[in-house]
Structures are given as structure tokens and as C-alpha cells.
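Geometric and topological summary
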Amino acid sequence: MSQQPSKQREQREQRTTGAPRGGAVWALVITSVAGFMAALDNLVVTTALPSIRKDLGGALGDLEWTVSAYTLTFAVLLMFGAALGDRFGRRRLFLAGLTVFTGASAAAAMAPGIDSLIAARAVQGVGAAIMMPLTLTLLTAAVPAAKRGMAFGIWGAVNGLAVASGPLIGGSLTEHISWHWIFWLNVPLGLALLPLARLRLAESHGTGAPLDVIGTLLASGGLFGIVYGLVRGPADGWTSSYVLTGLVAGGALLVAFVVHGTRAKNPMLPMRLFRSRAFAGINAASLLMFLGMFGSIFLLSQYMQGVLGYSPTEAGLRMLPWTGMPMLVAPIAGILSDRIGGRPVVATGLFLQAAGLGYMASIATADASYAIQLPGLIISGIGMALFFAPAANLVMSSVRPSEQGIASGANNALREVGGALGIAVMGSIFAAQGGYETGQTFVDGLRPALVVGSAVVALAGVAALLIPAARRPAPVTDSAEPAPVLETADH
């Protein structure tokens, strides 16, 4: 009925200016490499910590902050980065974030002491928070709606591989060259991407609404408190005054953020979006998926090195059936999501991931052979690959084009919070049931932690089933034309 005027209005709101000279292929290459850089730095430092401590000194708590400083700033500022892009230009802010990230990577590589390394890691997180959510909105603007599933499949494969292979890349560079190269690696990639992004990406904007300063402060403060409490809980104790203050104050600020999102005229994250079963379902599934996956990778990489005796490189290679699977399966998953819809693909992937983790929990021993681990690694890898690509498509197609920056920022923030929660929760279960004293005590803690991780990912599969079934998108010829593929009438 009045659908055509509505579509025209949404296209005017998005205001894409110019045309990308290289089109969709260049956009896919640029956004995938940028996403790889940001996602890789989540876990790339973990296997390099002993070498960093040997060179720079510092207590164990200082070394933990080389990981958590990045996680904190990344998670806290993701939605703000997306809002800045919508307001001032997505390509412009993408370039700014990429510049900050690249410069901070060089600073981390040259850090003379542990404190300066932590500071550089925090600035890296700021750059990644601006850059990462804009990769999806820039890619969406450049790719025709009918082909977005395949494009998101490739993007998801690259990003999924980066998250999961961080320990392998970090361990290999540290073992064979130097820990400095886990940061130097970003510099040539960033310097190559900057002119390409400037020349090959089209500029686009969101609604042009004023920045939501109050919402930004509430969300940033709330996420900081929650993530700080989760990161520091296992080390400082869950009853520590700082941890409790962070969790309680962070939770209160997030409640205030939700209330603000229901009442403000132009909120950073309109709460009405969650009235869509599609948007609510895929975000719940993403948070739970990352909770189970991050915590499992964190513990299993230590299991392979500390219990089974593999070097960092050997452990990473043996995890490739899991971590490398997205490169093979995710593009196929993207094509499948175009044909049958994202919901069945995402749900299947999550249940496979849960089954793989459950299997790993059942066979974990202090002397488990690689052959007996292999089926669990393969099942988990296929499951993870089936999740990444369709999940990105579901997020971006569950909202109007002018709100895709907001949706991408919210989804990425929830993923990061889920990852921090996974490491904290599964680490606490591990510490309560086992420890590092012997191989057997490690296994005693690992098994119940993996069972919880499996259950959480299965719950993510249930959340994915709440997403409405797909409907056939109408044929499109204009790359800027939005093609909603989900039932979102329950806004």
C-alpha cells in the first residue's frame, strides 16, 4: 500500500553519496581485512604473555590488563563508534578508526614498558570500536540485497577465523620471530587499507539525528562497569569492593540506558528495535554464542599446551579443524541463508557447536589422543562457521537501512560483552572445580566448564529459533534498495 513511499523515504535517510569505484568486491575486501584486524586482537596476545613479561616485566595483574584494556575500550565504545559514523559519515569515521588502530598497533610494538603497552592496547580498542561496526554498514551499502548473504558469508568467515585463530597466530609469531610482531602485523595492513578505503568506498550516513550524549554516557559507563567487574572478578574475587561496585553500578546504568532508550526523542539504541523478534533473537543468540565460544577457546588452548604438552604453534595447528572451518563453510552458509533463510542455518550451527563442546567435555583426559578430540573439533568448527555469516545478515536485515549502524554497533557490543562474560564465568567454574597443579586437576576444572559452555550455546540455538521465518525477498536491481527478508511486523 504505502510501502513504496516508505522505501523512498528510507533511501533518502541513508543518503549514500557517490559510488564506490570498485563496487562490492572492493568493499568486501576492505571491510573483511579491517574486521580481521580488529577481531584478531581480542585473543592474539594470550599466548605471548610469558614473552612480554620476560621483556617488559610487570606482575600477573599487569599482564592481564594487556588483554582486558583492549576488551574494555572495544566493548564500551562500539555503539558510540557506530553512532558517530551515522552522524558524520561512515567512510570518514571508518578511516579515522583505522588510523587510530594502526597507530596504536605501532605504539604497542614499540612499547618500552608494560604501562605504555597497556595504554597502547586501550587506544587500539578505541580505534577498533570506531572501525568494526562500520564494516558491516559500509558492506551493506555496497552489495546488492540479493547477494548480501554470500558477501556476509565471506566477511563472517574472515572475522570468525580471526577470533578463533588469535592464539595460533600470536603463538607462532612469538615462538618463531618476536612478540612485537603480533602488533607490527597490523601496521602494513592498515597502511594499505587507508588509501583503498578512501578511494573505493562510498560515503553514507544514517538519519543525521543529533548525537545522543546522555545515552552514550549511560551505555559506556554501564558496559565499563559490567565488563570491568567480569574481567577482574576471577583475579580480585567476586566479593571485592571494586568488582561489586563495577557490577552493581554498571547494571544500574544499563537499566537507566534502557529507560532512556524508551523515552528519548533520538536515542542511540531505540528500545523499540527489541520489539522485533528478529532483532531480539539474533542479539540474544550472539551474546550467548560468544559467551560459550570465548570461554571454551580460552580454556582449550591452555589444555592443549599445559596438559597435553603442545607448543603454542602445535596447539594452534591442532585446533585448525575448529578454528579454520569458517574459511571453508561460512561462504556456503551465506549462500544457504539467501536460499532458505538465516534462522535454520544459524540454529543448526549453534546446536552443532553445543554438541561439539559437549563431546569435548566427555572425552577430556590428562592424556587424550588427538584422534579422539578430532570429531569434537570438526563438529564445533562447522557449527561456528554456520553461525557467523547468516548472523550478520540477520542483524542487518532486521532493521531499516538508516538504523543499520545502530544495529551493527549493538550486536558487536553484545558479542564483546558475551566474550568477556564467557572467560570470567567459565574461568570461575574451572577455578572452583580444578586448577593448574596437575594435568588431572586441570581436567577436573575443564570438564564442568565445557559442559556449561555447551549448555549456553544450546540456549543460543533456542534463542535463534525465536527469530521469525524468512520470506522470499523481491527481486532487486538497485544496490541501494533495501530488501527485508525477515518478518519484522511485530515492531
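Residues numbered from 1 in each chain as written. Predicted model: local features only at pLDDT ≥ 70, side-chain atom pairs only at ≥ 80, totals over all residues. Heavy atoms only, no water.

For the protein chain, the helix and strand inventory stands at 19 helices and 0 strands. Going through the 491 residues of the protein chain one by one, you find that 57% of them count as buried. Long-range pairs, those at least 24 residues apart, make up 83% of the contacts in the protein chain between residues at least 6 apart in sequence. Put simply, the protein chain shows about 18400 Å² of open surface, and 66% of that area lies on carbon and sulfur atoms. (Helix = DSSP H or I, 4+ residues; strand = E, 2+ residues; numbered from the N terminus. Buried < 20%, exposed > 50% of the residue type's maximum accessible area, 1.4 Å probe, protein only. Contact = heavy atoms within 4.5 Å. Areas by Shrake-Rupley, 256 points an atom, 1.4 Å probe, with all protein chains shown as cover.)

This brings us to the nonpolar core. Of all hydrophobic cores here, the largest spans 108 residues; its most connected members are Met79, Phe94, Leu269, Met293, Tyr303, Trp322 and Leu350. When residues of this core are assigned to their parent elements, the largest contribution, 16 residues, is made by helix H12 (residues 277-307). In terms of nonpolar packing, the next biggest core, distinct from the first, is built from 23 residues, Ala109, Ala111, Ile118 and Phe183 among them. (Core = buried A, V, L, I, M, F, W, Y, C linked by side-chain atoms within 4.5 Å.)

This brings us to helix H6 (residues 114-142). For H6, built from 29 residues, the straight-helix expectation of 42 Å at 1.5 Å per residue is met to within 8% by its first-to-last C-alpha distance of 41 Å. At Thr135, H6 shows its maximal kink, close to 30 degrees. Buried residues dominate H6, accounting for 22 of its 29 residues. (Expected span 1.5 Å × (residues − 1). Bend = angle between axes of the 7 residues up to and from the residue.)

On to the packing of aromatic side chains, then. Counted under the stated rule, the structure contains 5 aromatic pairs. With 6.3 Å between their ring centres and 85 degrees between their planes, Trp179 and Phe183 make a pair best called edge-to-face. Residues Trp179 and Phe183 agree in their burial class; the two are buried. Relative to Phe279, the ring of Phe274 lies with its centre 4.9 Å away and its plane at 70 degrees, an arrangement referred to as edge-to-face. What makes Phe279 buried here is its relative accessible area of 0%. Of the aromatic side chains, those joined through ring pairs into one cluster are Tyr303, Phe430 and Phe442. (Phe/Tyr/Trp six-rings, centres within 6.5 Å; stacked < 30°, edge-to-face > 60°.)

Along the chain, Asn186 falls in helix H9 (residues 186-200). Under the relative-accessibility criterion, Asn186 is labelled buried at 1%. Apart from the residues within four sequence positions on either side, Asn186 is in contact with Met37, Asp41, Phe101, Thr102, Ser105 and Gln124.

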